[in-house]
Amino acid sequence: MASQIDEQQVQHVASLAKLKFTDEELSEFTPQLESIIDLFETLEKVDTTGVEPMTSATDRVNVMREDVAVNSHQRDALLKNAPDAEDGYIKVPAIIDESGDAE
Amino acid sequence: MNFYETDLTQLHDDLVNKKISATELTKATYDNIKAKDDQIEAFLTLNEENALAEAAALDEKGIAADQLVAGIPLGVKDNIVTKDIRTTAASKILDNFKPIYDATVIEKLKAQNFINAGKLNLDEFAMGGSTENSAYQVTHNAWDLTRVPGGSSGGSAASVAAGEVLAALGTDTGGSIRLPASYNGVVGMKPTYGRVSRWGIIAFGSSLDQVGWLTTSVKDNALLTSLISGHDDHDLTSSTRDVPDFGAQLNDDTNVNGLRIAVPKEYLVEGVDEKVKEVIKAALKHYESLGAIVDEVSLPHTQYGVAAYYIISSSEASSNLQRFDGIRYGVRATDVQDLEDVYVKSRSEGFGDEVKRRIMLGTFSLSAGFYDAYFNKASQIRALIRQDFENVFKDHDVVMGPAGPTVAYKIGSNIADPKTMYMNDVLTVPVNMAGLPGMSIPAGLADGMPVGLQIIGKPFDEETMYKAAYTFEQSTDFHKAQPNIGGQN
């Protein structure tokens with residue numbers, strides 16, 4: 001069966017996944033993904049009419065806990081792992097375009 | 001110190017009775033590691049300084065008789081977070097990551113004063129079956145350094161097989177404890193989904209992941225599994241069921257009289273190496289001679305397990321790995337223009353090829369227009385796979401077969417072909433899909449390499465599996481076989 005994925009589709013999925021591929025990577029990944037998706041498509045052969053999908057194997061249902069706020073006072077420890085931090089905040093590059101054309 | 005010639009209970013007794021000190025044992029462990037790990041390359045991070053300090057403090061106050069692992073150095077797979085000890089999941093994106101908390105399994109072991117020997121190599125984010133997908137190093141099979149140790153808990157299995165540590169923690173999402181256990185001739189148990197808390201395990205496939213042990217003996221494995229099991233408020237899928245003392249059940253009276261063993265015909269098909277089949281068939285004959293009843297059964301949806309597993313596990317992975325974005329922790333790409341750049345560059349530079357493939361497959365399977373044909377269909381197949389097992393367990397106690405279709409293969413021989421790699425998981429993924437406990441025990445050698453017998457149990461019936469495994473082990477010599485690494489044992 002012909003697979004449903006081509007280089008353009010791979011680019012699209014990559015953008016959804018916040019990944020970027022070079023042209024060279026793209027030509028390597030596309031046939032690999034294609035062959036795996038062909039494997040996925042073998043599932044079409046199985047009649048699953050009326051079968052309830054299984055999404056978890058846990059033996060627990062609707063676990064609730066008390067709605068209590070906890071302050072673990074770990075800000076400084078947490079910020080030590082941040083690539084860039086200042087005055088108790090995590091620092092990132094500009095989010096809003098400085099030209100003023102923000103979406 | 002040769003860990004093959006002792007066990008957990010013996011070491012504990014020796015520590016309590018001061019025949020050996022925790023410091024001596026810890027030093028001996030690092031001597032083992034230093035003698036062998038240049039060749040095995042199992043460890044990513046050694047915890048030597050802390051370990052020796054902790055051992056000295058324990059020697060000062062004495063080893064408590066009710067703390068089985070007190071003063072005993074054990075290895076930890078590097079996708080299990082350890083407070084203040086670098087935890088990478090074998091990924092460049094976590095190269096500098098020092099967690100600020102311990103996984104629940106580590107907390108439980110620390111409450112017993114265990115010694116963390118260090119962090120063990122794996123396929124990046126546990127995605128792979130050979131440990132070749134590590135961003136740091138290739139780990140070598142203890143039995144043949146030119147072969148893979150299996151994966152993804154390859155560092156854990158090779159380290160235990162090489163006698164570097166007595167036991168090591170691994171994780172298993174689709175066979176990642178059982179396959180390396182099989183390839184390295186050690187005992188590996190993936191408990192029932194929900195038996196062990198997943199809090200602090202760097203998530204791969206959250207509905208599939210479980211933590212378990214790799215050991216040289218069944219009894220050590222059973223004793224250690226009881227220590228890490230039980231409900232945890234931090235993991236709402238963890239079960240509230242009582243945890244049996246699995247090790248206490250294993251003694252001279254343990255037997256398999258009347259044990260009903262199901263052997264799925266799908267587990268001994270063409271794709272399984274003939275020599276592996278021979279070892280497994282001989283093991284089953286041995287069970288019969290011990291009083292067990294062996295029946296051939298069918299698990300008809302086995303052939304669809306790999307496809308359904310790779311859809312579900314990749315989908316869950318694509319979601320779980322969204323948190324690695326270069327913002328709060330981990331490595332952030334430099335030379336970025338804006339926030340979008342931070343995400344895309346950090347991820348594209350930080351993840352290896354296999355992780356990217358899985359994220360792509362998962363994102364694709366969940367994307368608009370494809371969800372029903374892939375993710376939903378796979379979840380329905382998953383229900384059918386569980387039903388297959390339920391049918392067999394109506395009149396059988398355990399399922400047995402090989403853990404992997406072959407013995408360990410040569411390093412580099414399969415890495416270029418992801419699909420072939422995935423097919424190696426055909427005999428292990430159905431267990432994770434159904435949430436069942438599964439283990440691999442040494443069953444003999446094929447061409448000089450270990451073959452693992454897989455034992456699959458009913459949900460939360462690890463007890464029956466351990467008894468079956470123990471009876472086999474005590475009546476055979478396969479577990480005594482040790483690899484010969486560079487002429488030294």
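Because the structure is a prediction, the values reported are computed rather than measured. (Residues numbered from 1 in each chain as written. Chains lettered and ligands numbered in written order. Predicted model: local features only at pLDDT ≥ 70, side-chain atom pairs only at ≥ 80, totals over all residues. Heavy atoms only, no water.)

Peer 1: Any chance you could explain the pairing of strand β2 (residues 73-77) of chain B here in plain terms?
Peer 2: Every regular strand shows the same layout, with side chains that alternate between the two sheet faces. Residue and element names in this part refer to chain B. Most of β2 is tucked away: five of the five residues are buried. With burial as the criterion, each face of β2 is covered, one bearing P73, G75 and K77 and the other bearing L74 and V76. Examined bridge by bridge, β2 and strand β3 (residues 115-120) share five bridges and lie parallel to one another. Within β3, the residue paired with L74 across the bridge is N116. (Buried < 20%, exposed > 50% of the residue type's maximum accessible area, 1.4 Å probe, protein only. Helix = DSSP H or I, 4+ residues; strand = E, 2+ residues; numbered from the N terminus. Pairing = 2+ DSSP bridges.)

Peer 1: Would you mind going over the pattern of salt bridges with me for this structure?
Peer 2: When the charged atoms of two side chains lie near each other, side chains of opposite charge can form a pair. Tallied over the full model, the rule gives 22 salt bridges over all chains. Where D59 of chain A meets R241 of chain B, a salt bridge forms, and the shortest distance between an N and an O atom there is 2.8 Å. Of this pair, D59 of chain A sits in the loop between α2 (23-40) and α3 (75-80) while R241 of chain B sits in the loop between α7 (218-228) and β7 (260-264), each in a different chain. Salt-bridge contacts for K410 of chain B lead to D144 of chain B; the nearest nitrogen and oxygen are separated by 4.0 Å. Of this pair, K410 of chain B sits in the loop between β9 (398-402) and α13 (418-423) while D144 of chain B sits in the loop between β3 and α5 (154-161), placing them 266 residues apart in sequence. Three or more residues joined by partner-sharing salt bridges are found here, namely D144, R147 and K410 of chain B. (Salt bridge = Lys/Arg side-chain N within 4 Å of Asp/Glu carboxyl O.)

Peer 1: Even after reading the chapter, I still don't get the sheet that holds strand β11 (residues 449-457) of chain B, so can you show me in this structure?
Peer 2: Pairing between the strands of a sheet is mediated by backbone hydrogen bonds and can be parallel or antiparallel. Residues and elements named next belong to chain B. Read across the open sheet, the eleven strands follow the order β1-β3-β2-β4-β6-β5-β10-β11-β9-β7-β8; overall the sheet is mixed. Here the strands that pair on one side only, and so sit at the sheet edges, are β1 (43-46) and β8 (293-297). Along the sheet, successive strands turn relative to each other by an average axial angle of 30°, direction set aside. When β9 meets β11, the two strands line up antiparallel, connected through five bridges. Pairing of G401 across the sheet is with Q454, part of β11. Contacting β1, β2, β3, β4 (167-172) and β6 (210-215), α5 crosses the sheet at an angle of about 155° to β4. Along the sheet face, helix α8 (residues 274-289) touches β7, β8, β9, β10 (438-446) and β11 and points at about 55° away from the line of β11. (Axes fitted to C-alpha atoms, helices over the stretch in contact; angles between N-to-C directions. Contact = heavy atoms within 4.5 Å.)

Peer 1: Looking at this model, I keep getting lost on α8 of chain B. Mind explaining?
Peer 2: In an α-helix, one turn spans 3.6 residues, which is why side chains three or four residues apart end up on the same side. All names here are of chain B. For α8, which comprises 16 residues, the first-to-last C-alpha distance of 23 Å matches the rise-based estimate of 22 Å (1.5 Å per residue) to within 8%. Within the span of α8, buried status applies to V276, K277, V279, I280, A283, L284 and Y287. Seen end-on, α8 carries its buried residues on one side only, within an arc spanning 165°. Away from its buried face by more than 90 degrees, α8 exposes E278, K285 and S289. Where α8 is buried, its residues contact β7, β8, β9, β10, β11 and α15 (462-474). With a side-chain oxygen lying 2.9 Å from the backbone nitrogen of K275, the N-terminal cap of α8 falls on D273. One or two positions beyond α8, positive phi appears at G291, with a value near 110°. (Expected span 1.5 Å × (residues − 1). Arc of directions from axis to C-beta. Polar contact = N/O pair within 3.5 Å; in protein donor to acceptor, adjacent residues only side chain to side chain.)

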